[in-house]
Amino acid sequence: MDFSLQETALDIAALRAPLAHAQAGAYASFEGWVRDHHGGRSVTGLHYEAYASLAQAEGEKVIAEARSRFDIIDIRCAHRIGDLAIGDLAVWVGVTAAHRAPAFAACRYVIDEIKSRVPIWKHERYAEGDATWLHPQP
């Protein structure tokens, strides 16, 4: 699977290893971390939930679209689910290509599409004690 949902910490070295190809001259990646603020509020942590079967299917569809749109060699994406602390890695995208421009473009495309289309919901916990569900938005 080129897209995965993971309940445990993302291992970047293991995720990146399958992307190594002799014909690759470029590697681009994106790491999304849990930050300590959102919308002017102090965030203490969050919880990700997904409609797993639909998220897997839509995530794979996004990866397939990137493969067809950009001149890339390989691509992977992993997204955490479950409880995460400030600073934890929440999402990772890695792309290899012969040249940097398509690697960067495909990486950007994938993270933008994953965030807007894949049914993964974020439950943010705030310093004031309340929490809010945030949904994918186009």
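Just above, that's the structure.
The model shown is predicted, which means the values in this text are computed figures rather than measured ones.

### Quick word on the side chain of Glu 65
Step number 1: Inspection of the secondary structure puts Glu 65 in helix α2 (residues 52-69).
Step number 2: Excluding its chain neighbours within four sequence positions, the residues that come into contact with Glu 65 are Tyr 109 and Arg 117.

### Re the layout of surface pockets
Step number 1: Counted as a void, the second largest pocket has a volume near 210 Å³.
Step number 2: Trp 33, Arg 35, Tyr 48, Lys 115 and Lys 122 are, among the 15 residues lining the second largest pocket, the residues nearest its centre.
Step number 3: Broken down by secondary-structure element, the contributors of at least two residues to the lining of the second largest pocket are β2 (26-33), β4 (41-50), β7 (89-97), α3 (100-117) and β8 (120-126).
Step number 4: Along the lines of polarity and charge, the residues of the lining of the second largest pocket split into 9 nonpolar, 2 polar and 4 charged.

### Structural notes on the pattern of salt bridges
Step number 1: Tallied over the entire structure, the rule returns 12 salt bridges.
Step number 2: We note a salt bridge from Asp 2 to Arg 76, for which the minimum N-O separation is 3.3 Å. Of this pair, Asp 2 sits in the segment before β1 (3-6) while Arg 76 is found in strand β5 (residues 74-80), placing the two residues 74 residues apart along the sequence.
Step number 3: In this structure, Arg 41 and Asp 130 form a salt bridge, with 2.7 Å as the shortest nitrogen-oxygen distance. With Arg 41 in strand β4 and Asp 130 in the loop between β8 and β9 (131-134), this residue pair connects regions lying 89 residues apart in the sequence.
Step number 4: For Arg 41, a relative accessible area of 25% puts it in the partly exposed group.
Step number 5: One salt-bridge network, in which partners are shared between bridges, spans Asp 2, Arg 67, Asp 74 and Arg 76.

### Some remarks on α2
Step number 1: Relative to the 26 Å expected for 18 residues at 1.5 Å per residue, α2 spans 26 Å between its end C-alpha atoms, a close match to the ideal helical length.
Step number 2: Along α2, the residues that are buried comprise Ala 55, Gln 56, Glu 58, Gly 59, Val 62, Ile 63, Glu 65 and Ala 66.
Step number 3: Buried positions along α2 lie against β1, β4, β5, α3 and β8.

Conventions we followed
Residues numbered from 1 in each chain as written. Predicted model: local features only at pLDDT ≥ 70, side-chain atom pairs only at ≥ 80, totals over all residues. Heavy atoms only, no water. Helix = DSSP H or I, 4+ residues; strand = E, 2+ residues; numbered from the N terminus. Contact = heavy atoms within 4.5 Å. 1 Å grid on protein atoms, 1.4 Å probe; cavity = no way out; pocket = protein on both sides within 12 Å on 5 of 7 lines; lining within 4 Å. Points joined across faces, edges and corners; volume = space filled by probe spheres on them. Nonpolar A, V, L, I, M, F, W, Y, C, P; charged D, E, K, R; others polar. Salt bridge = Lys/Arg side-chain N within 4 Å of Asp/Glu carboxyl O. Buried < 20%, exposed > 50% of the residue type's maximum accessible area, 1.4 Å probe, protein only. Expected span 1.5 Å × (residues − 1).

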